[in-house]
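# A structural walkthrough
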Amino acid sequence: METVSINRSHAGTQGVYSHASSATGTDMTFAVYVPDHEEGAKLPVLWYLSGLTCTHANVMEKGEYRRAASELGLIIVAPDTSPRGEAVPDDEAYDMGQGAGFYLDATEQPWSRHFRMRTYIEQELPELIASEFPVDMNRQGIFGHSMGGHGALTIALRNPDRFKSVSAFSPVVAPLQCPWGEKALGGYLGNDRSAWREYDTCALIEDGARVTDILVDQGTSDQFLEEQLKPQLLAEACEKAGIPLTLNMREGYDHSYYFISTFMADHLRWHAERL
């Protein structure tokens, strides 16, 4: 692991790091914020997964999480959204290829060699974080935005014993039923829609996956609300499954980090109560 940058902020340390990933076959960059703490202490860790076109830098620079994270004693880890580099396949569209990993392990060419973000987030990066930072891996939460909200919800549902809390901003909750999801899952995984279900929050819940509870914030002026995000489908799935869902429809807010930063501290407090 190499250190890219270190900055002091809100009685803590904001770092950016890179390493050679065996999962993706590329160098990967990620951000970690560590609040000041007593020597030898282990802190709970909260994973933040970003959305389409984003890197680790979007939430780090616009998310406004450090003050609350420092007050609550939470380590925040923000990985990139995909492998990157000249040798990594890409697509001219913003919703496929670099910046659009969808937190899955691709099985179709040309994506399968590098696009293994599920393995990276669920296995490789946690091992690195556990070895290099003062984290209590028995107290992990996960959240994210848009495509990253999709990633957070599906990863939590597949790993309920690992993650004690999960939340999302404007998540893609049913990729089997929206254009972004159908394009990405079909392109990365092929035409067998049954293989898509482990990457669809609503389908996972329908198939028996469970978490203790879920928090979602969604802006009512989000330009992707009706066609891509469809939070009502998550509400229906949770109601049928008996999963407590707090769905906050925020009047007038859009899909941007103006929205996310407004309610970021609420989400950190939600996770801190459970961690």
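See above for the structure.
This is a predicted model, so every value here is computed, not measured.

The helix and strand inventory of the chain stands at 9 helices and 9 strands. For the chain, the spread of C-alpha atoms along the principal axes amounts to about 50 × 40 × 35 Å. Evaluated residue by residue, the chain yields a buried proportion of 60% over its 275 residues. A sequence separation of at least 24 residues applies to 71% of the contacts in the chain between residues at least 6 apart. Carbon together with sulfur atoms contributes 44% to the accessible area of the chain, which is approximately 11,300 Å² in total. One way to put it: in the chain the 22 positive side-chain charges average out to a point 3 Å from where the 39 negative ones average out.

Within the largest apolar cluster, 65 residues are counted, with the highest numbers of intra-cluster contacts made by Phe-30, Val-32, Ile-129, Ile-142 and Tyr-188. Leaving out residues up to four positions away in the same chain, Ile-129 has contacts with Phe-30, Val-32, Trp-47, Val-77 and Val-135. Core analysis: the second largest hydrophobic core is formed by 22 residues, Tyr-48, Ile-76, Ala-78 and Phe-143 among them.

Bringing the packing of aromatic side chains into the picture now. On inspection of all chains with the given rule, the structure shows 13 aromatic pairs. Measuring from centroid to centroid gives 5.4 Å for Trp-111 and Tyr-188, while their planes differ by 80 degrees, and the two rings are edge-to-face. Here the residue Trp-111 occupies a position in the loop between strand S5 (75-79) and helix H3 (117-132), and Tyr-188 occupies one in helix H5 (residues 179-189), the gap between them amounting to 77 residues. In terms of burial, Trp-111 and Tyr-188 fall into one category: buried. Positioned over the ring face of Tyr-65 is Arg-66, at 5.0 Å from the centre of the ring. Geometry around Trp-270 places Arg-274 over its ring, the cationic atom sitting 3.4 Å from the centre.

Moving on to the sheet that holds strand S8 (residues 214-219). Sheet architecture is open: 9 strands sit in the order S1-S2-S3-S5-S4-S6-S7-S8-S9, paired in mixed fashion. Across the chains shown, the open sheet's two edge strands, defined by having one partner strand only, are strand S1 (2-8) and strand S9 (245-250). Each neighbouring strand pair of the sheet contributes to a mean axis angle of 20 degrees, computed without reference to strand direction. Of the pairings in the sheet, the one linking strand S4 (residues 43-49) to strand S6 (residues 135-145) comprises 6 bridges and is parallel in character. What sits directly across from Val-45, in S6, is Gln-140. Where H3 meets the sheet, its contacts fall on strand S2 (12-20), strand S3 (27-35), S4, S5 and S6, and the angle it forms with S3 comes to roughly 50 degrees. With respect to the sheet, helix H9 (residues 257-274) is in contact with S4, S5, S6, strand S7 (163-169), S8 and S9, its orientation differing from that of S7 by roughly 165 degrees.

Definitions and limits used
Residues numbered from 1 in each chain as written. Predicted model: local features only at pLDDT ≥ 70, side-chain atom pairs only at ≥ 80, totals over all residues. Heavy atoms only, no water. Helix = DSSP H or I, 4+ residues; strand = E, 2+ residues; numbered from the N terminus. Buried < 20%, exposed > 50% of the residue type's maximum accessible area, 1.4 Å probe, protein only. Contact = heavy atoms within 4.5 Å. Areas by Shrake-Rupley, 256 points an atom, 1.4 Å probe, with all protein chains shown as cover. Lys, Arg positive; Asp, Glu negative; His and termini not counted. Charge placed at Lys NZ, Arg CZ, Asp CG, Glu CD. Core = buried A, V, L, I, M, F, W, Y, C linked by side-chain atoms within 4.5 Å. Phe/Tyr/Trp six-rings, centres within 6.5 Å; stacked < 30°, edge-to-face > 60°. Lys NZ or Arg CZ within 6 Å of the ring centre and 35° of its normal. Pairing = 2+ DSSP bridges. Axes fitted to C-alpha atoms, helices over the stretch in contact; angles between N-to-C directions.

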